[in-house]
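# A look at the structure
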Amino acid sequence: MTGRESAKSGQKPLLILRNINMTFGGVRALKDISFDVLPGEVHCLAGENGSGKSTLIKIITGVYRPQDGAAIEFDGQTYAHMSPVTAQNSGIQVIWQDLALFPEMTVAENISFQTLLGRWPRFVNYNGMREKAVKALARLGVTLDVDRPLKDYAIAQRQIVAIARALVGEAKLVFMDEPTASLTQSETDHLLDIVRTLSASGVAVVFVSHRLAEVLEISSRLTVLRDGALVGAYSTEGMTQSRITELMTGKTFDQIVRACNAGGNPVVLEVDGLSRPGQFEDISFTVRRGETLGITGLLGAGRTELALSLFGMLKPRSGTVRLEGKPVHFSSNRDAIAAGIAYLSEDRLSLGLIQPQSIADNLVIASLGKITSGGLLSDSRKRDLVAQWITDLGVKIGLQGDAISTLSGGNQQRIAIAKWLATDPKLLILDAPTVGVDVGARAGIFDIVAKLAETGLAIILISDEVPEVYFNADRVLHMAKGRVVNQFMPADCSLAEIEAAVYA
Amino acid sequence: MHKVVQSHATEFALLAVIAIISIVLSFITDRFFTLGNAFDLLNTSSVNIIFAVGLLVVLIAGGIDISFAVAASVVQYVAALMLGWMGGGGWISGLLIAGTLGVLLGAVNAFLIHKFRIISIVATIATFNIYFGLLMFFTRGVSIYNLPDWLTSRVVLFEHEMADGSWIEITLPVLVMLICVVATWVFITRTTTGRQLYAFGDNPEGARRFGINIGGMQFIAFGWLGLMAGIGGLIQAHYAQEVVPNALYGRELDVLAAVVLGGARLGGGKGSVLGCVLGVLLISVTQNGLNLAGVSPYAFKMIVGAIILVAITLSNTSIEKLLPFMRQEEGRK
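Here is what the cut-offs are and how they apply
Residues numbered from 1 in each chain as written. Chains lettered and ligands numbered in written order. Predicted model: local features only at pLDDT ≥ 70, side-chain atom pairs only at ≥ 80, totals over all residues. Contact = placed C-beta atoms within 7 Å. Helix = DSSP H or I, 4+ residues; strand = E, 2+ residues; numbered from the N terminus. Nonpolar A, V, L, I, M, F, W, Y, C, P; charged D, E, K, R; others polar. Expected span 1.5 Å × (residues − 1). Buried ≥ 20, exposed ≤ 12 C-beta atoms within 10 Å, placed from the backbone. Arc of directions from axis to C-beta. Core = buried A, V, L, I, M, F, W, Y, C linked by C-beta atoms within 7 Å. Domains from an automatic or database assignment.

### Concerning the interface of chain B and chain A
Listed as interface residues are 19 residues of chain B and, on the opposing side, 17 residues of chain A. Listing elements by their share of the side of chain B that touches chain A, those giving two or more residues are α9 (192-202) and α10 (204-209) of chain B. Of all the elements, α9 of chain B adds the most residues to the side of chain B that touches chain A, at seven residues. Class assignment of the residues belonging to the side of chain B that touches chain A gives a composition of four nonpolar, nine polar and six charged.

Dropping the structure here:
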């Protein structure tokens, strides 16, 4: 236990955990964890997938019961273990990653949902619910139409609704599990402001996130877990992203600019004056063999729409697209795939992979034509193809027939990449490939991307995290309001320069 | 106004389709557009509306039920036998018996679905066959005609002769239907349990995390449909003045189509009582109009099918796209 810091300024912690042990079927998920949260602080819980963060949260919220000998003290009360009801009643609220909201119900009903609970039917007090909801939103400094169904609002607002719901529950301590995973930069900034408001009003927030930049920005203290054991608790003052990565993984990652000059290679994709009014205007660029082109920009910059147009899923109004010199017009993504374009979608979990199906079936879905024998699918060819890609990309799997949902985020992402590589593309478009993937696995994915570029594949890497494109692309286009406003060469400029331009 | 239209798009679309069909029919036949006919429609649709509001509750909770119509037949038959043994009975004992039997049969579905984790459509297709098989086996398809007098005599609560010579009548089935509709509306929109049902249908995992009793939700939803099926079954026997074991066979799909037409979503969390009633009425209006227009009954199903497609398309494409002034509103946002 290195770097352990005693509670600052002698403040008595709101939550004190000691001797937390947890075993699942012989595997020790948590080993002798201690964890403190001060009243009103923003505390970050960091660790890679499988490090025990979620297990710890579930123990504090009463979903799991720790092994004997554990001591939990919350708000002056001592417990041997929590139950969901005691946790909620004493003021511990969780905002789950999937939010657990009800899209068809109104915003007011979602926020004041607790008033609808109870075994015996009562008449619903809609006015009371509305008032509570408006009040909770006002505390967060947000106005939403509380009478509209939640489905009318985007994910960023739903997040706020989930936070408002925690406030109605008289929260003293709020856990936020990956709250920014599906938000863009500007939405994230807004959410972080709200977290600050919350903490200023005396509610302690425990923040779980993979994005280290925002961890440093928002939290005052940090507890790091690795492989179910406590690495330590630290002040975020003077902490850097690379130091946190080191603590989380136990390894050091040197981030270096990989950018090289592919200027002499033949052009694979040439886009000229491509427009789709309202989404993007007059886009021109080229991508060469072996080159990685980064595209970054804020929400609404038109990045994804541009990618979908190149992939044949949206129709551009004007402009031309040339693939290896030949003009192409795709009427569907089937045409684009046949022409050699692969697209790894932003929303990998819902769109990119078919969760209940097997690893093998997911991997071959886009290249079924290659594994037929006499017009019928051949199981042995499928096995060979899958085995080859799994070795090439270093994916850790159990059996080929296991459901894809059994894999970790990083390995799922590799399968999704392999699925497209199996189609032998000339151009690979990666749209936000590391959303929901932890640091160690991210490095693995970008290693693969770099190797693919070396083999001559042209790659477009889309991300709203500027460092991601800065460190992994040879050239970076900055899109804003549907236009390319800037081009940067990472080899010749600093990260701060690009960040200043994008987040300005 | 815009907000009201937007949040009740399905209901407005249905009203519009009903209005269009009514206007067309009133040109084709002179009998259609009379108050007398309107009340006739209400009387004949009562049983289907009672079934429909029951089924609505199950759909909102994320389930589906294929068995309720044959369950209603079982209830009719057993209730008729029990009333015979009791030596007559009356409306109160009749409704109590029918309601209780219905709830029991619904609870069987809920039990199978909750206890053995069988998907509701599979569980209720099984019980549909079991209920109907048992009924036909034990009755050998024999109908019951000697029902108690109170059950077979028409109860007219209000009647009035119009200037055009047609009669407007409100009969007992209409009153019972109104009570069922209002009760369902109060239940699902005004009580905490009703809102829990919506939440459960909308996001079962979310509901579970809040400690909502999942098994309880299934029993309440299928129990409510069972209650409505029982009451509807008795009312149908009263309306038909006989109990024919296979009279309601096939009714489940008509009612299901009407409820889905009314905006309920297969998959849960969505649906309104008004939409559901309008859905049934749309189908009844069409059948009644075609009847009056002298169209062959064999063509009914085909035309009703086409209307379901049109109405569903209308309500899915959302009103905004069809009305230009709405589109402007949208653009300004």
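### As for helix α4 (residues 126-139) of chain A
Residues and elements named next belong to chain A. Helix length check: α4 (14 residues) gives 20 Å between terminal C-alpha atoms against 20 Å at 1.5 Å per residue, within 8%. When we look at burial in α4, the residues that qualify are Met129, Lys132, Ala133, Ala136 and Leu137. The buried residues of α4 occupy one face: seen down the axis, they fall within an arc of 130°. Pointing more than 90 degrees away from the buried face of α4 are the exposed residues Asn127, Gly128 and Ala138. Elements that come into contact with the buried residues of α4 comprise α3 (107-111) and α5 (155-168). Downstream of α4 by one or two residues, glycine 141 has phi in the positive range, about 70°.

### A short note on the nonpolar core
In terms of nonpolar packing, the biggest core is built from 164 residues, with Ile50, Ala52, Leu55, Leu56 and Val259 of chain B touching the most fellow members. Counting residues domain by domain, this core receives three or more from each of domain 1 (13-91 + 174-180 + 203-252) and domain 2 (92-170) of chain A. Excluding residues within four positions of it along the chain, valine 259 of chain B makes contact with Ala52, Leu55, Leu56, Leu59, Ala264, Cys276 and Gly279 of chain B. Grouped together as the second largest cluster of nonpolar side chains are 70 residues, Ala259, Leu306, Val364 and Leu428 of chain A included.

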